[in-house]
Structures are given as C-alpha cells and as structure tokens.
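Okay, here's what each chain looks like letter by letter:
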Amino acid sequence: MSLRLTALDALHRSLGATMTDFAGWDMPLRYGSEREEHLAVRTKAGLFDLSHMGEITVSGPQAGEFLDHALVGFISALGVLRARYTMICREDGGILDDLIVYRTAENEYMVVANASNAQVVLDALAARTEGFDVQVRDDRDAYALIAVQGPEANGILGSVTDADLPGLKYYALLPATVAGKDVWLARTGYTGEDGFEIFCAPADAAHLWTALTEAGADKGLVPCGLSCRDTLRLEAGMPLYGHELTTELTPFDAGLGRVVRFDKTTNGGEFVGRKALEAAAAQAEANPPRKLVGLVSDGKRVPRAEYTVVAGDGTPIGTITSGSPSPTLGKPIAIAYVDAAHAEPGTAVAVDVRGKHEPVEVVALPFYKRAR
Amino acid sequence: MSNPTHLQYTEEHEWLTTAEVGAVATVGITAHAADALGDIVYVQLPEVGDTVTAGETCGELESTKSVSDLFSPATGEVTEVNQAVIDDPALVNAEAFEGAWLFKVRVEATDKLLSAEEYTAFIGG
C-alpha cells in the first residue's frame, strides 16, 4: 500500500525533510537536527504539519448527547467554541483512542483522532449512533492541519491574522481568516508550549505554511518534524496512543481518570464503558495495580519503550512506555508503568538497558512545565 | 554528501584510513550514517587494549530515536579512542569524516571494503 501524502508534501521535500512512514502517511520526521527543532519550540517557535490527524464531524440536534454516550467525557457541557481532551473507550473500558473534541457550533463538533486510530474511531462512532438524531462524517480529506507552537507563536500568527488571539483562551477555537484563508483556529497543541492549531482546506495549506514561515523568519520559527513533536510531548508528560494508552488499559490505569465523567446528565447517565470504568475507578482508588510515572537518569544511556524497570534487587517492577534524551533537561527521561509500591517520586529504581541496570529516579510528571 | 576518496568503507557505514596489515587505521562512521541516525547523544567505544574483530560489534551509537551497533571494520588491537567524541557525541553529526573519528586500530585483517565510489553507489548516492 502506498503512503498517503499531505498537501504540504512538496514543501517538505523542498526543505530537505527526512520523511518517515507514520500510520500510513509519509510524514516529515525532521528537517535538520531534531534537537534544534525541539529547542526552537521551547524558546522561539516551531511549525508542524499534522495533516495526518483524523477529523470527524459530528452534527445534528442530538450531537452533544450522542458524544456523551459514545465518549467518556461530558461533551454536551462543553461551551460553543471550546475544546476538550477526552477518550473513546470500549464496553470493557479499554481505550480505543484519546481525542480532542472541538465544539464548532451549537449542534456540531469536530472530533480529532490520532492518525493511527482514525478509522477505528470513525467506525466506533458510526456503530454507536443508533437511537440518536446525529450524523457522523469522515472529514479526514477535508482538512489539512498546521500547528504553530512556542513562545513566539502568538506574535507570528498575530502578524498574519486579524483574529483576536489575546482573547482566545487555551482549549478554545474560532473561525478566522489567516493570510487570507478561512480556517478554524484553535489554541491547542501537543508540545507543552503556548500555540495554535490551524485546520484549513488542503488546497490552502501550502499558502498558509509559506505565509507563517515568512512571518516567523525573524522570530526564530523553524519547521519541525514528528521526531521533536515526540520529545516535546514526552517532556510535557502527555500520553501517546500505542505507548501510554492502549486497548488493554483504562483511563484510570493511565492516571487520566479525570477525563471519565460519571456525572453526565444526558442519556440517563449511561455511556459506552460506564460499568467497566466504574469498576476500574474503584480499583484505582483502593488498590492500583501499576502507576504511570516519570523516570529521570543521570547517566547517558537512554531508557526506551519496552525496556524493563527493575527494583534495587533486580526484580522486574514495570515497563517503559516512552523514553528519550530530553533536550530541555539535558538527560534521559522516560515514562513507565511501575508497581504502585515503587511509584513514589524520589524512589530509586533502575532500567535494564540491554542487559545493564542503569539507575533512574522516579519523578512526578510532567518533566517540563512552561512558565506562565 | 561526498565520501572522501582517501578512505575505505564497509557496508555497515564505517570508514577507515588504511587496510594495510600492521598499520594503525583510524575508524569512524560515515556522514550518511550519522545523518540517518539523527542527533547522536551517546557513544560507547571499545577500550584501548581491546581486540576488535572485523564485522563484529565493538560499541554502540545512541541517537534521539534509536540505538545502533558500531561494527569494527578491522580486526586488531585498539590503540586509541577519541575522548572528544565521548564527551560530545554531537561531533559525529557535525564532522563524521574529520574530528569525529571514533578509535584507532592496529590492523591485522579486514573483511571486504568498498572504495568511496562503491560506497556512494551502495548508499544510492
């Protein structure tokens, strides 16, 4: 099967990007040094092509109630032009995907799924519509997605739009004109920095990318690939589907039980997975099996996904889900599920790095939090 | 990127300065390999006095995204390692063919080596 190309493919190639297969899409991994791209987002700004993300439009008189039923969040309680981080679970509580839901109108929502799960989410939503006056529309081909992230993002975007950026709250969106093109402009992102995500027509993507590149030229904006996106989100302690989140885990296992809203007032309080999630919540409260923690190493070798975490006596106590050198901290970091008895910040444990036990310390997530 | 013609190469992307038995060869990895790895953050090299074997693992290179074995292009005793690269692994990305040599080995034997032209063709350049 050939890889899907984004509307910005020619631009990436002209910029000399190293491309990679990501969930069936040919995506830029990095343009030059992923470390420099990472640091640019922390100190100046970075420009990302995220057109592989899966947009699904849910509309109709019962769109909100339907999403309350299909997802774990209290979506109908979301204000118009606001966004929320949420999840879609199976009947048994297993996580199908983590999502951002944008309420674009009174009776319309845009659900953004991970590229690798977009079809799964689409199918699950479609299968859950029975009894609701709602339409679920596959809008994956309708949007390209460009993100501007970093402390300079506000100034850069502000120079090519009349939209009220200072008035746009975190996790809010508005219809706007950017560089002459109609877009959905959202103050969301996945880097731990202030920034914006711009949903646009694919035909407009190259124009917007170029306009933003020019607007950011003297502000340190650089194009950024998926490699630094991953290290940025890891430092920010954000979970990645397939690593920290899987169908084998519930939101409570992942320490994200707060996204499950048992207090929904629609559908009689029922939603897909409720029963299993109530049990998971009770177990997490009374006797959590494993906890998601951060690990920091003073060494140089990097704890990577699937490496085993061990106690001082060498007993296996957990598994790394994501690990990388942290460009901001200057040392290796990792996220891991470890037995609750070893999950307290400050606990000294070790990681089996290809046969050698490298000492690491348990820390609270996130590793990095921007100053506000 | 061009591969210097005075060096010889392996299909594992190492270069060395000489294959002459008894001579001391300087060993590194190619710019192509360094670029493919991405930002290199950790380099583990053999120690002075170790005997390395052509085609076998003698260390590792760790980048942001992955770990790669370092293979020795020659059999022989290691006579020197480049401390500058251990201290600053990013040198490998910056100067693969010059400052970022990895170790020196007194050559006893080598496996099949490629000329710069052959290596360039091998990597599809």
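Just so it is clear, the structure is predicted and the values come from calculations on it, not from any experiment.

Analysis parameters
Residues numbered from 1 in each chain as written. Chains lettered and ligands numbered in written order. Predicted model: local features only at pLDDT ≥ 70, side-chain atom pairs only at ≥ 80, totals over all residues. Heavy atoms only, no water. Helix = DSSP H or I, 4+ residues; strand = E, 2+ residues; numbered from the N terminus. Rg over C-alpha atoms; globule rule 2.2 N^0.38 Å. Buried < 20%, exposed > 50% of the residue type's maximum accessible area, 1.4 Å probe, protein only. Contact = heavy atoms within 4.5 Å. Areas by Shrake-Rupley, 256 points an atom, 1.4 Å probe, with all protein chains shown as cover. Lys, Arg positive; Asp, Glu negative; His and termini not counted. Charge placed at Lys NZ, Arg CZ, Asp CG, Glu CD. UniProt positions renumbered as here; feature names shortened; annotations may be inferred. Polar contact = N/O pair within 3.5 Å; in protein donor to acceptor, adjacent residues only side chain to side chain. 1 Å grid on protein atoms, 1.4 Å probe; cavity = no way out; pocket = protein on both sides within 12 Å on 5 of 7 lines; lining within 4 Å. Points joined across faces, edges and corners; volume = space filled by probe spheres on them. Nonpolar A, V, L, I, M, F, W, Y, C, P; charged D, E, K, R; others polar. Core = buried A, V, L, I, M, F, W, Y, C linked by side-chain atoms within 4.5 Å. Expected span 1.5 Å × (residues − 1). Arc of directions from axis to C-beta. Domains from an automatic or database assignment. Buried area = accessible area lost by both parts, 1.4 Å probe. Salt bridge = Lys/Arg side-chain N within 4 Å of Asp/Glu carboxyl O. Pairing = 2+ DSSP bridges.

A. Representation of the overall build of chain B in the model. The secondary structure content of chain B amounts to four helices and nine strands. In chain B, the order of α-helices and β-strands from amino to carboxyl end is β-β-β-α-β-β-β-β-β-α-α-β-α. Here chain B has a C-alpha radius of gyration of 13 Å; the compact-globule value for 125 residues is 14 Å, and the two agree. Projecting the C-alpha coordinates of chain B onto the three principal axes gives extents of approximately 35 × 30 × 20 Å. Across the 125 residues in chain B, those meeting the buried criterion constitute 47%. Look at the contacts in chain B between residues 6 or more apart in sequence, and 62% of them connect residues 24 or more apart. Counting only carbon and sulfur atoms, one obtains 45% of the accessible surface of chain B, whose full area is about 5600 Å². Looking at chain B, you have 4 positive and 22 negative side-chain charges, and the mean spots of the two groups are 2 Å apart.

B. Structural view of the UniProt feature "modified residue: N6-lipoyllysine" (unreviewed entry) in chain B. The UniProt feature table records "modified residue: N6-lipoyllysine" (unreviewed entry) at Lys65 of chain B. By secondary structure assignment, the location of Lys65 of chain B is in the loop between strand E6 (57-63) and strand E7 (67-71). Excluding its chain neighbours within four sequence positions, the residues that come into contact with Lys65 of chain B are Ser227, Asp230 and Arg304 of chain A. Among the polar contacts made by the side chain of Lys65 of chain B, one reaches the side chain of Asp230 of chain A at a distance of 2.9 Å.

C. Representation of the layout of surface pockets within the structure. Here the second largest pocket is characterised by a volume of approximately 430 Å³. Taken together, the elements giving at least two residues each to the lining of the second largest pocket come down to helix H2 (34-43), strand E17 (316-326) and strand E18 (331-339) of chain A together with strand E4 (40-44) of chain B. Tallied by class, residues from the lining of the second largest pocket come to eight nonpolar, six polar and seven charged.

D. Highlighting the UniProt feature "domain: Lipoyl-binding" (unreviewed entry) in chain B. Per the UniProt record, the feature "domain: Lipoyl-binding" (unreviewed entry) sits at residues 24-106 of chain B. The span residues 24-106 of chain B is 19% helical and 45% strand by assignment, and the distance between its end C-alpha atoms comes to 4 Å.

E. Structural view of the nonpolar core. Among the nonpolar cores identified, the biggest contains 35 residues, and Tyr9, Ile29, Val43, Val92, Leu102 and Phe103 of chain B are the most heavily contacted of them. Apart from residues no more than four positions distant in its own chain, Leu102 of chain B is found in contact with Val27, Gly28, Ile29, Val43, Leu45, Leu70, Val81, Asn82, Val85 and Val92 of chain B. In this structure, Tyr31, Leu47, Leu165 and Leu185 of chain A belong to the second largest nonpolar core, which totals 31 residues.

F. Here's a closer look at helix H8 (residues 274-286) of chain A. All names here are of chain A. With 13 residues, H8 should reach 18 Å at 1.5 Å per residue; the first-to-last C-alpha distance of 18 Å fits that figure. Those residues of H8 not exposed but buried are Arg274, Leu277, Ala280 and Ala281. Along H8, the residues classed as buried sweep out an arc of 120° about the axis, all on the same side. In H8, the exposed residues that point more than 90 degrees away from the buried face are Lys275 and Ala286. Buried residues belonging to H8 abut strand E6 (83-89).

G. Expanded view of the domain arrangement of chain A. Residue and element names in this part refer to chain A. As far as domains go, chain A holds domain 1 (4-51 + 143-235), domain 2 (54-140 + 250-269) and domain 3 (290-363). Domain 1 and domain 2 are separated by 25 Å when their C-alpha centres are compared. Contact with domain 1, which involves 16 residues of that partner, is made by 16 residues of domain 2. Counting the surface domain 1 buries against domain 2, the share from its top three residues, Tyr143, Tyr171 and Leu173, is 45%. Taken together, the links from domain 1 to domain 2 amount to zero salt bridges. The tally of links between domain 1 and domain 2 comes to five residue pairs in polar contact (both at pLDDT 80 or more).

H. Structural detail: the interface of chain A and chain B. Taken together, the 16 residues of chain A in the interface contact 16 residues of chain B. Of the roughly 1300 Å² buried between chain A and chain B on both sides combined, carbon and sulfur atoms contribute 41%. A per-residue breakdown of the area chain A buries against chain B is headed by Glu34, Lys300 and Arg304 of chain A, which together make up 39% of the total. At the boundary of chain A and chain B, one finds five salt bridges. In this structure, the salt-bridge partner of Glu60 of chain B is Arg354 of chain A, at a minimum N-O distance of 2.4 Å. Across the contact surface, chain A and chain B share 17 residue pairs in polar contact (both at pLDDT 80 or more). At the level of secondary structure, the elements contributing two or more residues to the side of chain A that touches chain B comprise H2, helix H7 (226-235) and E17 of chain A.

I. Local environment of the pairing of strand E3 (residues 25-30) of chain A. All names here are of chain A. Burial runs high along E3: five of the six residues are buried. Relative to E3, strand E1 (residues 4-5) runs parallel, the two being bridged by two bridges. Counterpart to Leu5 in the pairing with E3 is Asp26. In terms of strand pairing, strand E2 (residues 18-22) meets E3 through five bridges, oriented antiparallel. Pairing of Thr18 across the sheet is with Arg30, part of E3. Between E2 and E3, which pair antiparallel and follow one another directly, the connecting turn spans two residues, one of which, Ala23, has a positive phi of 50°.

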